[in-house]
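Structural overview
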Amino acid sequence: MAERESFVVVGQSVRKVDGVGLVKGKPKFVADVDLSDVLYVKILGSPHAHARIVRIDSSAAAQIPGVIAILTYENTPSTRHTTAGQGYPEPSPYDARMFDTKVRFVGDRVAAVAAETEEAAEEALRAIRVTYEELPAVLSIDEARAEGAPVIHDEGDSTGIYEAARNIVADVDIDVGDVERGFVESDVVVETTCETQYAQHTPIETHVVHSYLDSDDRLVLRTSTQVPFHVRRIVAQTLGIPIQRIRVIKPRVGGGFGTKQEVLLEDIAGWVTLRTGRAAFLSLSRAEEFVAARTRHPMRVRVKLGANKDGVLHAIEMEATSNTGAYGAHGLTVLANTGSKTLPLYNKAKNAHFYGQAVYTNLPVPGAYRGYGATQGYFPLETAMDELSERLGLDPIELRRRNHIRVGETSPIFEKLGEGREGVSQTVKSCELERCIAVGAERIGWREKRGARRREGPWVHGVGMSIMMQGSGIPQIDMAAATIKMNEDGSFNLLVGATDIGTGSDTILAQIAAEVLGVPASRMIVTSSDTDLTPFDVGAYASSTTYVSGMAVQRAAEGVRGQILSVAAPMLKASVESLRLVGEHAVGPAGARVSLAEVCRRAMYSSDQFQIAATASCVPSESPPPFLANFAEVAVDVETGRVKVVHYVAAVDCGVAINPLMAEGQMEGAIVNGIGYALSEEMLFSSTGRVRNPSLFDYKIPGALDVPNLDVILVGSYEPTGPMGAKSVGEIGINGPIPTIANAIYDAVGIRLRRTPFTPERVLEALVCERRPKGER
Amino acid sequence: MTSLELTINGARRVVDANPGDTLLEVLRRAGHVGVKKGCGSGDCGACTVLLDGRAVNACLVLAAKAEKRAILTIEGLANGDALHPIQEAFLDEGAVQCGYCTPGMVLSAYDLLSRNPTPSEGEIREAISGNLCRCTGYVKQIRAVQTAAERMRSGRNG
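Residues numbered from 1 in each chain as written. Chains lettered and ligands numbered in written order. Predicted model: local features only at pLDDT ≥ 70, side-chain atom pairs only at ≥ 80, totals over all residues.

1. Re helix α3 (residues 102–115) of chain B
The end-to-end C-alpha separation of α3(B) is 20 Å, in line with the 20 Å expected for 14 residues at 1.5 Å each. Along α3(B), the residues that are buried comprise T102(B), P103(B), G104(B), M105(B), V106(B), L107(B), S108(B), A109(B), Y110(B), L112(B) and L113(B). Where α3(B) is buried, its residues touch α1 (19–23) of chain A together with β3 (48–51), β4 (54–57), α2 (85–92), α4 (121–127) and α5 (139–154) of chain B. (Helix = DSSP H or I, 4+ residues; strand = E, 2+ residues; numbered from the N terminus. Expected span 1.5 Å × (residues − 1). Buried ≥ 20, exposed ≤ 12 C-beta atoms within 10 Å, placed from the backbone. Contact = placed C-beta atoms within 7 Å.)

Structure representation (structure tokens):
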């Protein structure tokens, strides 16, 4: 393969392959089709956090004109499954039914109505009479773990739950060395516990699906998903129909961030279509999205660090308790990632322990969310590192430098802790974290600003930093495949299962193929995520697409390249080995050339005809981490408690950036989402478990006025196992803001915040507490 | 149902509407699906259209109120194959990720630049502050509006 210096298409910020249609508002999304003949489907949500359904009387609802079908537990399949769109067998418990005889959170599915109009469907929902037997609800981690707590999953036929009788979904416990002895041997020990809140992805397009039968009576699901192949498999399992009878098409998706790695609506729409023969349309309102889609797992995480006087870590312990809400989707794997994506960063500690449990509560259901547990883990880890640096009298930067993993090094955690099971051992082959830290510190003005506590009226400035890693896909589990076929004008069809949810993966995969084939990216016609047309791919999650799907594309392109050269060689009367593909031509040693169009025409029409095409797959043997150094300057209003992020610098090593503008865009979006998570976003609950702020007015995500001066710096490296030297970059950025802002607030005003979000109320409370004389606290 | 006569992107159209229908619902039913629904309550800006040249949330406007007024949707911005400079700039600057907020964001920028060809960064942020985007972090969208403003002043496009 070409070395990075000679890349032509890779490394260029080419335009998005689907960009023109998007800026023109072309009909590209699920809802953008003629809906005049569909049945509108609406879901009845539970008013109770925990209750048994005694009886559902839908007779009045069925009489409403236009109502075509009413779905309840009485007339739908009862197969237990998980809604988590993960590889098979899923590491999440099979604890969900289409419609159950019990509801487990406010908003849980009770029934659904399909009607000729939205109004009729809504009227029917109001006419359904449900008799509930209310049960005591579990509304926090502590209540879930209390002796004699109500059992949320007492149904008996669920599988894969660690200990249902104690509301424990998952339990993870791994050891390296002897952590207790390690703390005894350490010169300095610090310990910190942090808590994170319920927060939502809030893609601007909510979950939406459109289903119909094609002319062969096969079920077609056009759906806004990150995991089309998992949707096909899980819908087949849930509805009890063959995979062969289902086609899943993912059009453009209006953002996912993890919440669409879930099968939330497709089973209902599919069932309506199968039962009625009619097309169905089901779209969550914004309020329903807040209540019944997915959230991030709230966690309480304790970190204990032991270090020697020289600032080298000797022992590290992390204990995480995760609230996985009413169902266990992603409960185990998010929990495991809280340790597996954080602890290897500090591989100098010879003794390490990770322990965690995920527990059920009667609250909305967390799932996959960009960062996937690492976000929750880095808050206490990087807070504790800041505290440790102070105890040691070391600059926080210097403490990190003495401890972070480097090229050629490994961590036993890689092998011990994986995706809900044992992991995969690996050695880091690319890491420019040292340079990330250096350029980031320079850009923020670390040396001048740290400890300076500059004041402007009530505003006090401070700077903080943090470092982190993530991964690139799930090693030895994720699989991606790609097919490339050639057309006689020298263009190519690139067919990938990979799922572009707005990330730009269609574009960067086209760039990788184009680089191998010596053509501009615009010569690739990309078709992605149609289970009838494209080869398999697990989908858009776990920072896998660039690294895993990218490698599959590179291999398929290399296969096609070989076929092109074999056809071109006799045309140019040269050996295959002497030919190159450049500028849409096969070029021989003396400069003789033949266009790719001529090559394909010969292969199609002239002699020894065959279709120039190749399919290739990739199952990665490792998951090379991208690395990130974050720096923030904040200003804290000591009178109101308001925190402003003035400047945020993120220097990231994601290997070769296939498309630098898009890699920056991934970072910028993740960081701003993370700033919202750090400062304002929080789902609030009533005393009965109802979401109190299910709107974008009451749940504040950042707008253009809330964004700081934000610098993303791509610090290049070359990952030898990646396609064109690339690693993935989709998730890592979201982990940075919480610890970085928390550490900057400490630098500014000396308070340690251990509960997100850092609202003015919480900051002011901490400030008041700090100002009191010690004895009064 | 009653009939409404709307002027959409310069063309007069008669559309069916219920008395309570919003402009968002009517426009989408009429095929202008570039007008997106994100919340239905005026919080996200995905349904932004121009009404007599000013950006409004179509989900907050009764369709009947739009009669006899000029409606511009994203579909009316490009001139055939020639994109508007704002659309070009959004592509060049990497300001489009999922693209769901893009039509509304572009139209808010169009409203701004039609009134203020030399906006400051703060004015740009203000103008698009009602358009929520979860993908981009706004950095490249703000830059795209700056680039579009420069190109429109100098008469270039791309």
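And the narrative resumes.
2. A look at the pairing of strand β2 (residues 51–57) of chain A
All names here are of chain A. Relative to strand β4 (residues 102–103), β2 is paired through two bridges, and the arrangement is antiparallel. Looking across to β4, one finds that R52 is bridged to K102. Where β2 lies against strand β6 (residues 129–134), six bridges are found, and the strand directions are antiparallel. Counterpart to D57 in the pairing with β6 is R129. (Pairing = 2+ DSSP bridges.)

3. Some thoughts on the environment of L24(B)
Residue and element names in this part refer to chain B. Within the element layout of this structure, L24 appears in helix α1 (residues 23–29). Distance from L24 to I71, taken between C-alpha atoms, is 11 Å for residues 47 residues apart in sequence. For L24, the contacting residues outside a window of four places in its chain are V35, K37, C47, A58 and C59.

4. Re the domain arrangement of chain B
Residue and element names in this part refer to chain B. In terms of domains, chain B is made up of domain 1 (2–75) and domain 2 (85–153). Of the residues lining the interface, 14 residues belong to domain 1; the matching set on domain 2 comes to 13 residues. Looking at the side of domain 1 that touches domain 2, the elements that each hand over two or more residues are β3 and β4. In terms of residues, the side of domain 1 that touches domain 2 owes the most to one element, β3, which gives three residues. Across the side of domain 1 that touches domain 2, the residue classes tally to eight nonpolar, four polar and two charged. (Domains from an automatic or database assignment. Nonpolar A, V, L, I, M, F, W, Y, C, P; charged D, E, K, R; others polar.)

5. Structural notes on the packing of helix α10 (residues 374–392) of chain A against helix α19 (residues 737–749) of chain A
Residue and element names in this part refer to chain A. Contact pair α10 / α19: the axes reach a minimum separation of 8 Å and the direction vectors enclose 35°. When the axes of α10 and α19 are compared, the crossing they make is right-handed. Side by side, α10 and α19 meet where Y378, F379, E382, T383 and D386 of the first sit next to I738, P739, A742, N743 and Y746 of the second. (Axes fitted to C-alpha atoms, helices over the stretch in contact; angles between N-to-C directions. Left-handed = near helix turned anticlockwise from the far one by under 90°.)

6. Points about the packing of α2(B) against α5(B)
Residues and elements named next belong to chain B. At a closest axis distance of 8 Å, the pairing of α2 and α5 adopts a crossing angle of 135°. In terms of orientation, α2 and α5 fall into the oblique class. α2 and α5 meet at a crossing whose hand is right-handed. Within the contact between the two elements, α2 uses P85, I86, A89, F90 and D92 and α5 uses A144, T147, A148, R151 and M152. Along the lines of polarity and charge, the residues of the contact of α2 with α5 split into seven nonpolar, one polar and two charged. (Parallel < 35°, antiparallel > 145°, perpendicular 65-115°, else oblique.)

7. Concerning helix α9 (residues 331–340) of chain A
Because an α-helix packs 3.6 residues into every turn, residues spaced three or four apart end up facing the same way. Along α9(A), 10 of the 10 residues are buried, which leaves the element largely enclosed by surrounding structure. Of all the positions in α9(A), only G331(A), L332(A), T333(A), V334(A), L335(A), A336(A), N337(A), T338(A), G339(A) and S340(A) are classed as buried.

8. A look at the sheet that holds β2(A)
Strand order across the open sheet formed by three strands is β4-β2-β6 (chain A), with antiparallel pairing between neighbours. Both outer strands of the open sheet, β4 and β6 of chain A, are each paired with one neighbouring strand and no more.

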